[in-house]
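# Observations on chain architecture
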Amino acid sequence: MEKASNLLIKLSRRLFTDLNSQEKFITALTQPQPFLPCILWCREKPDELPFLVETPTDWQPQFIDRLALDSKPGQHSLHNEGYYYCLDFSSVFAASILLTIPSPIKVVFDMCAAPGGKGIFAWRLFQPELLISNEVIGKRLGMLISNLKRCQIQPSVVINRDSSVLAESFAQTSDLVIVDAPCTGQSLLAKGEKAVGCFHPANINQCANRQKRIIANSAKIVAPQGYLAYMTCTYSPEENEEVCEWLIKKFPQFEAVEIEHLRDYRSHLTTIPCYRIFPQDGLGAGAFTALFKNTEQGTINQLDSEIVESSSDIQFLKLKNHLFK
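Residues numbered from 1 in each chain as written. Predicted model: local features only at pLDDT ≥ 70, side-chain atom pairs only at ≥ 80, totals over all residues. Heavy atoms only, no water.

The line we're drawing: UniProt positions are given in the numbering used here, feature names are shortened, and annotations may be inferred rather than shown by experiment.
Going by the annotation in an unreviewed UniProt entry, the name recorded for the protein chain is RsmB/NOP family class I SAM-dependent RNA methyltransferase, with Floridaenema flaviceps BLCC-F50 given as the source organism. As stated in UniProt under Sequence similarities (unreviewed entry), the record for the protein chain gives "Belongs to the class I-like SAM-binding methyltransferase superfamily. RsmB/NOP family."

### Re the UniProt feature "binding site: S-adenosyl-L-methionine" (unreviewed entry) in the protein chain
This is how it is decided: Labels follow the DSSP assignment, with helices taken as runs of H or I lasting at least four residues and strands as runs of E lasting at least two, numbered in each case from the N terminus. For every residue, the accessible area obtained with a 1.4 Å probe (protein chains only) is divided by the maximum for its type, and the residue is called buried under 20%, exposed over 50%, and partly exposed between those limits. It only takes one pair of heavy atoms within 4.5 Å for two residues to be counted as in contact. Any pair of nitrogen or oxygen atoms within 3.5 Å is treated as a polar contact; in protein, a donor-acceptor pairing is required on top of that, and neighbouring residues in sequence qualify only through side-chain atoms on both sides.
Per the UniProt annotation, the sites labelled "binding site: S-adenosyl-L-methionine" (unreviewed entry) are Cys112, Ala113, Ala114, Pro115, Gly116, Gly117, Lys118, Glu135, Asp162 and Asp180. Locating alanine 114 in the fold gives a position in the loop between strand 4 (107-110) and helix 5 (117-126). Taking the relative accessible area as the measure of exposure, alanine 114 reaches 7% and is therefore buried. In this structure alanine 114 touches Glu135, Arg140, Met143 and Leu144, once residues within four positions along its chain are discounted. Counting through the fold element by element, aspartate 180 comes out in strand 7 (residues 174-180). Leaving out residues up to four positions away in the same chain, aspartate 180 has contacts with Cys112, Lys118, Met231 and Thr232. A distance of 2.9 Å separates polar atoms of two side chains, one belonging to aspartate 180 and the other to lysine 118.

### Side note on the packing of helix 8 (residues 201-219) against helix 9 (residues 241-250)
Basically, it comes down to this: Every angle, taken between N-to-C directions, lies between 0 and 180 degrees, and every axis is a line fitted to C-alpha atoms, over only the stretch in contact when it is a helix. If an angle is under 35 degrees, it is roughly parallel; if it is over 145, roughly antiparallel; if it lies from 65 to 115, roughly perpendicular; otherwise it is oblique. Should the near helix be turned counterclockwise from the far one by less than a right angle, the crossing is left-handed, whereas a clockwise turn marks it as right-handed.
Contact geometry of helix 8 with helix 9 gives a least axis separation of 10 Å together with a crossing angle of 40 degrees. Considering the angle they form, helix 8 stands oblique to helix 9. For helix 8 against helix 9, the interelement crossing comes out right-handed. When helix 8 is examined against helix 9, the residues Ala208, Gln211, Lys212, Ile215, Ala216 and Ala219 are found in contact with a partner set consisting of Val243, Trp246, Leu247 and Lys250.

### Side note on the sheet that holds strand 3 (residues 84-86)
Within a sheet, adjacent strands bond to each other through the backbone by hydrogen bonds, running parallel or antiparallel. The cut-off we apply is this: What makes two strands pair is DSSP finding at least two bridges between them.
Taking strand neighbours across the sheet as the criterion, the three strands line up as 2-1-3 in an open arrangement whose pairing is antiparallel. A single partner strand is all that each edge strand has here, and the edge strands are strand 2 (64-66) and strand 3. Pairwise comparison of adjacent strand axes, ignoring direction, gives a mean angle of 25 degrees for this sheet.

### Points about the packing of helix 1 (residues 6-15) against helix 2 (residues 19-30)
Here is the rule we go by: Lys, Arg, Asp and Glu make up the charged group, whereas Ala, Val, Leu, Ile, Met, Phe, Trp, Tyr, Cys and Pro make up the nonpolar group; the residues left over, Gly among them, are polar.
Here helix 1 crosses helix 2 at 135 degrees, and the two axes come no closer than 9 Å. Taken as axis vectors, helix 1 and helix 2 run oblique relative to one another. The interaxial crossing formed by helix 1 with helix 2 has right-handed handedness. Mapping the contact onto sequence places Leu8, Ile9, Leu11, Ser12, Arg13 and Leu15 in helix 1 and Gln22, Phe25, Ile26, Leu29 and Thr30 in helix 2. Classifying every residue of the contact of helix 1 with helix 2 gives seven nonpolar, three polar and one charged.

### Some thoughts on unusual backbone geometry
Note that the residue after serine 103, namely proline 104, is joined by a cis bond; omega there is 0 degrees. Summarising the element assignment, proline 104 is placed in the loop between helix 4 (89-95) and strand 4. In this structure, the amide linkage connecting alanine 114 to the following residue, proline 115, adopts the cis form with an omega of 5 degrees. Tracing the chain through its elements places proline 115 in the loop between strand 4 and helix 5. A positive phi angle is found at glutamine 152, which is not glycine, with a value near 55 degrees. Topologically, glutamine 152 is positioned in the loop between helix 6 (141-150) and strand 6 (156-159). Within the chain, glutamine 172 stands out as a residue other than glycine whose phi angle is a positive 55 degrees. Turning to its location among the elements, glutamine 172 is positioned in the loop between helix 7 (163-169) and strand 7. Given the relative accessible area of 27%, glutamine 172 is considered partly exposed.

Here it is, written out as structure tokens:
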């Protein structure tokens, strides 16, 4: 058992008004407990499920299953064959805001895509004409490409560019842009993993500034009447509620969407509808999520593009004389 740092204690007091909740939150991070494994079915489920399935939440989509604690879905042959994708249920919570969006959604743009779970969730839900998965960190591209290929996510392409470049090249093209933003990763502690310096104000502020830059560039990609989904796996308000408040001030055409099925998880730290789970809730290590709609009227910019196959069988996108790879 690790002793709670002063910075963790200060954060707990900001997040919760009552002492009992503060103590439960600190305990969840200093004495982490296992969470139920979770899978996302990329294809139709087999008639006989290979795992013991737990009772679903009332908002859980049918293509998601929570499994018994001792299940090891990553070791099953169906995983290798791409039938499902393994993920933390916190990611399901965050991505569940997409259930509110009406179909059709033709183009999904996943801005910070690796390892691919949020984009795969959107693909499974909407069956879009194209999923664009961007990952700016080169060493993370391998896992993203591997997961998309294994799960047979088609049609999809992978690109590797900074959000500032994409904001110009893909302006107002996408019905849905997902920003699973890089963050301090404080929820890793609830999984028993390390996140060095995750509570330090300098690291939090650095992440918050990066998140604002990414979400601002992502907002420019959202088509008129399209949606922007923002989510993190951290707890600091600077990286969550305050980023959402900043977005609305900078881009007043975006309105936060009420997510009725998550009403019990609405954050009390802002008047904007956004939603959180914490590790003491027992569903997952923790997540923050919010959905925004671009209320502007106008014409969607069509992608002047073609998919280019490389020699390594990885799909890239050729757009307006630029080859993104």
